[in-house]
Structure formats: C-alpha cells, structure tokens
Amino acid sequence: MTASHPSAAPGPGAAAARAGGRTRRRRPARAWLGALPLLVFAGLCFGLPAGALLYGAITRTDPASGATELTAEHLQRSLQGPYLTSLTGSVQLSALTAAIATVVGVLIAQAVVTSRRAALRGAVLTASGVLANFGGVPLAFAFIATLGISGVVTQLGNLDALGWNLYSFTGLTVIYLYFLIPLMVIVVVPALDGLRPQWREAARNNGATAWQFWRYVGLPVLAPSLLGGFVLLFGSAFAAHATAAALVGGSVPLVTLKIADALSGNVLVGQENVALALSLDMIVIAGLVMAVYLPLQRRSSRWLH
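Every value quoted in this text rests on a predicted model; they were computed, and no experiment measured them. (Residues numbered from 1 in each chain as written. Predicted model: local features only at pLDDT ≥ 70, side-chain atom pairs only at ≥ 80, totals over all residues. Heavy atoms only, no water.)

Brief notes about the side chain of Ser-90
Reasoning step 1: Relative to the helices and strands, Ser-90 resides in helix H3 (residues 81-114).
Reasoning step 2: Excluding residues within four positions of it along the chain, Ser-90 makes contact with Phe-238, Pro-253, Leu-254, Val-255 and Thr-256. (Helix = DSSP H or I, 4+ residues; strand = E, 2+ residues; numbered from the N terminus. Contact = heavy atoms within 4.5 Å.)

Let's talk about the nonpolar core
Reasoning step 1: Core analysis: the biggest nonpolar cluster contains 56 residues, and Leu-172, Tyr-176 and Leu-254 have the highest contact counts within it.
Reasoning step 2: Sort the elements by how many residues they give to this core and helix H7 (residues 169-193) lands first, with 14 residues.
Reasoning step 3: Residues in contact with Leu-172, not counting those within four places in the same chain, are Leu-93, Leu-166, Ala-244, Leu-247, Val-248, Val-252 and Leu-254. (Core = buried A, V, L, I, M, F, W, Y, C linked by side-chain atoms within 4.5 Å. Buried < 20%, exposed > 50% of the residue type's maximum accessible area, 1.4 Å probe, protein only.)

Details of the packing of H3 against H7
Reasoning step 1: Contact geometry for H3 and H7: axes closest at 6 Å, N-to-C directions at 45°. In terms of their interaxial angle, H3 and H7 are classed as oblique. Once H3 is placed against H7, the crossing between them reads as right-handed.
Reasoning step 2: The residue makeup of the contact of H3 with H7, split by class, is 21 nonpolar, seven polar and one charged. (Axes fitted to C-alpha atoms, helices over the stretch in contact; angles between N-to-C directions. Parallel < 35°, antiparallel > 145°, perpendicular 65-115°, else oblique. Left-handed = near helix turned anticlockwise from the far one by under 90°. Nonpolar A, V, L, I, M, F, W, Y, C, P; charged D, E, K, R; others polar.)

Observations concerning the UniProt feature "transmembrane region" (unreviewed entry) in the protein chain
Reasoning step 1: Here the UniProt feature "transmembrane region" (unreviewed entry) sits at residues 32-58, 93-113, 125-149, 169-192, 213-239 and 274-296.
Reasoning step 2: The annotated region residues 32-58 carries 96% helix and 0% strand content, and the separation between its end C-alpha atoms amounts to 33 Å.
Reasoning step 3: End-to-end, the C-alpha atoms of residues 125-149 are 32 Å apart, and along that stretch the chain is 72% helix and 0% strand. (UniProt positions renumbered as here; feature names shortened; annotations may be inferred.)

Structure representation (structure tokens):
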C-alpha cells in the first residue's frame with residue numbers, strides 16, 4: 001500500500017512567484033500611466049485639430065438660420081475642377097522629386113560610405129543635416145537671387161535664352177531637390193552601413209561580380225530602406241508650402257496653395273469648408289504614405305540591425 005502524504009504547505013518560493021506574477025500583471029497599467037502625458041499632448045495637439053477639421057469638412061451651416069447639417073458637398077468639390085488639379089499637381093511634383101532625390105541621394109551616400117576619409121563623411125552628413133532643414137521663404141529668396149530672372153547665375157550663364165524659368169514646375173522641382181537630396185542621404189547612410197562586408201566577401205569568393213552582388217544581394221536587402229526613403233521624401237514634398245507660396249504663388253497648381261487661397265478667400269468667399277475638405281484629403285494621402293513607410297522600416301531594420 002502506498003502511503004499518502006499530506007499536501008505540503010506553500011513555501012516562500014511559491015509566494016514570491018505569485019507576488020512576481022501580480023507585479024508583472026500591474027506593469028501594463030503603470031506603463032499606460034507613464035505614457036499618459038504623451039497621449040494627452042498628442043490628443044490636444046493632433047486629435048482636436050483633426051476632429052475640428054473633419055467636422056468642418058462634412059458639415060454645412062445655414063447662414064440664415066444657423067442650423068448645421070451633415071453633407072458630402074465639400075468633399076465632392078475638393079475632388080473636382082481646380083481642386084482636383086491642384087491635388088494631382090502636388091502628387092506629381094512629390095513623386096517626381098522624391099524619385100530623383102532617391103537616386104541621387106543613394107549615389108552620394110554610397111560614395112560617402114565607401115570613402116576612407118572620415119572628414120569627408122562628417123562634412124557631407126553635417127551639410128546634409130543643415131540643408132535638409134533649410135526651406136521656406138529663405139530658401140525661395142536664395143534661389144530668386146541666384147536663379148531668378150535677374151539672378152546672378154541666370155545672368156552669367158544667359159539661362160533665359162535657354163528657356164529657363166525658375167517660377168515654373170521645373171524651377172520648383174529644382175528647389176525641392178535642394179532639401180530632399182540631403183534628406184535622402186541622411187536616411188540611407190545607416191542602411192548602407194548595415195551591409196556587412198562578409199556578404200561582399202562571400203559573393204566575391206563565389207565568383208560574383210560587383211554588379212551581381214548589388215543585383216542579388218545589395219539591392220534586395222536595401223529595397224525596404226530605399227522604398228521607405230522614397231515614401232518619406234514624397235511626404236515631405238507633398239506637405240511643403242512656404243517655399244512654393246513665396247516662389248510661384250498660384251502659377252503652379254498645388255494643394256497646399258489652394259488650401260491657403262480658400263482659407264483666405266483670395267478666389268471665392270466662403271470656401272473655408274472646402275479648404276478643410278482638401279486638408280482631409282491630404283491627411284488621407286499622408287496616412288496611406290505612413291501605412292507603406294512603417295512596414296518597410298520594420299522590415300529593413302530586421303535585415304540591417
């Protein structure tokens with residue numbers, strides 16, 4: 001017969017384990033409390049303006065009675081006529097400048113990464129950090145003084161005879177590249193640093209050429225970072241306003257300029273709600289851009305870190 005043993009009383013180890021479990025269960029609540037100030041700040045600075053924008057875009061107030069009703073009229077008008085043209089123009093300008101800046105920025109970043117001179121790398125990265133944040137009215141004034149109708153370079157190179165016009169879609173493209181290329185350099189240098197030398201050595205030992213290494217190893221690994229950089233540049237160009245407003249005014253159809261005109265009543269009076277609808281369209285496009293950028297960023301970090 002097997003003797004029955006009385007159940008042992010829980011020891012201090014079991015009690016400590018239960019206390020640890022309770023501590024772990026309380027940690028999420030404490031984490032939320034730590035993030036509460038940031039959530040409140042984000043709600044006040046982003047949530048309230050976004051809510052007011054959405055409310056104005058889908059409502060209409062009768063000036064006579066003061067009654068407010070839901071309507072899709074403003075959203076429909078924001079996707080028609082000159083408003084749709086401005087939205088399309090912003091997308092075209094952003095896509096073109098982002099594509100050119102991605103290619104040129106990668107070439108510059110590769111030259112910096114492969115250079116053995118630390119001073120060159122530091123100088124290029126420092127200059128890129130400064131130029132990527134140089135925009136607005138000062139940038140427009142610098143280009144007007146340099147490449148404008150009476151600009152120094154325009155007069156010395158007789159660019160007028162070649163058909164050069166700074167106050168056009170082409171001129172705006174050149175100006176956007178001025179700060180987008182440095183931004184791409186800053187974004188892609190860490191990704192190029194993440195390419196391990198062992199991969200290149202292994203490809204060389206197996207008889208692969210430099211082109212084959214980049215085609216089958218380098219570019220596939222860098223593809224998420226390059227696409228993520230392109231999306232980031234697209235978003236930066238799409239949201240730019242001050243430089244274009246100071247340079248071209250309304251001669252180039254851009255959605256940010258159209259929003260400013262509608263809010264100030266420069267074209268038609270009482271178009272504030274249409275401007276809010278255009279802003280909502282921009283938020284939707286920016287949301288789609290971020291929905292593409294964030295997964296690409298996570299995938300590139302998994303390969304390169």
